[in-house]
Amino acid sequence: MSDQEQFGERDYWQPPEQFEKSKKGDCEDFALWAWRQLLHLNYPSRFTLGSAGRYGEGHAWVTFQKDGKTYLLEPLSSPVGLKLPRLSILRYKPKFSISWDEEKISYFEHEEKKISWSLKQIALLVGEWLFFWITFWLKFVISLTHRRARSRA
């Protein structure tokens, strides 16, 4: 939900406690809340600001580490599910991020990275991406068909 709809302001950052109660907000509200939750669970994590595909400039998300891997938590991906294909990371362009290790806050400024993948890596990632989105849309169409059939019965 946009800040304009919810608060009548162009940009308003809710404290995580307020977001937790209302369960409504935009990307930075969800990302701040999720970052706090991950910190409480002792996951090394960062609140990140930048741009991301169709969300454009001024988008927020969280990255965290688990079992030696870094994960990206996208606040606006709930309709798609918890896991996106790895190729999706190309649309994320971090500009700033913040981490906290229970003693100090660290601020980071990010430069745009040049990615150099082999043809084999690209083929595997594109295959994973295609499989993900074809499966997603098939499930979506099937669920719509079932809903329509139930509503007619």
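Shown above is the structure to which this text applies.
Conventions adopted
- Residues numbered from 1 in each chain as written.
- Predicted model: local features only at pLDDT ≥ 70, side-chain atom pairs only at ≥ 80, totals over all residues.
- Heavy atoms only, no water.
- Pairing = 2+ DSSP bridges.
- Helix = DSSP H or I, 4+ residues; strand = E, 2+ residues; numbered from the N terminus.
- Axes fitted to C-alpha atoms, helices over the stretch in contact; angles between N-to-C directions.
- Polar contact = N/O pair within 3.5 Å; in protein donor to acceptor, adjacent residues only side chain to side chain.
- Contact = heavy atoms within 4.5 Å.

**Q** Could you clarify how one ought to interpret the sheet that holds strand β4 (residues 92-100) in this entry?
**A** Each strand in a sheet pairs with another by means of backbone hydrogen bonds, the pair being arranged parallel or else antiparallel. One open sheet accounts for 5 strands, arranged β3-β2-β1-β4-β5; its pairing is antiparallel. The open sheet terminates on both sides in strands that have one partner only, identified here as β3 (69-73) and β5 (105-109). Adjacent strand axes in the sheet meet at a mean angle of 25° when their direction is disregarded. Pairing analysis gives 5 bridges linking β4 to β5, with the strands arranged antiparallel. Looking at the pairing, Trp-100 lines up with Ile-105 of β5.

**Q** Is there a simple way to think about the side chain of Gln-14 in this case?
**A** Assignment of secondary structure puts Gln-14 in the loop between α1 (3-7) and α2 (16-22). In terms of polar contacts, Gln-14 uses its side chain to reach the backbone amide nitrogen of Phe-19, at 3.4 Å. Beyond its immediate chain neighbours, meaning those up to four positions away, Gln-14 contacts Gln-6, Phe-7, Phe-19, Ser-22, Lys-24, Gly-25, Asp-29 and Leu-32.

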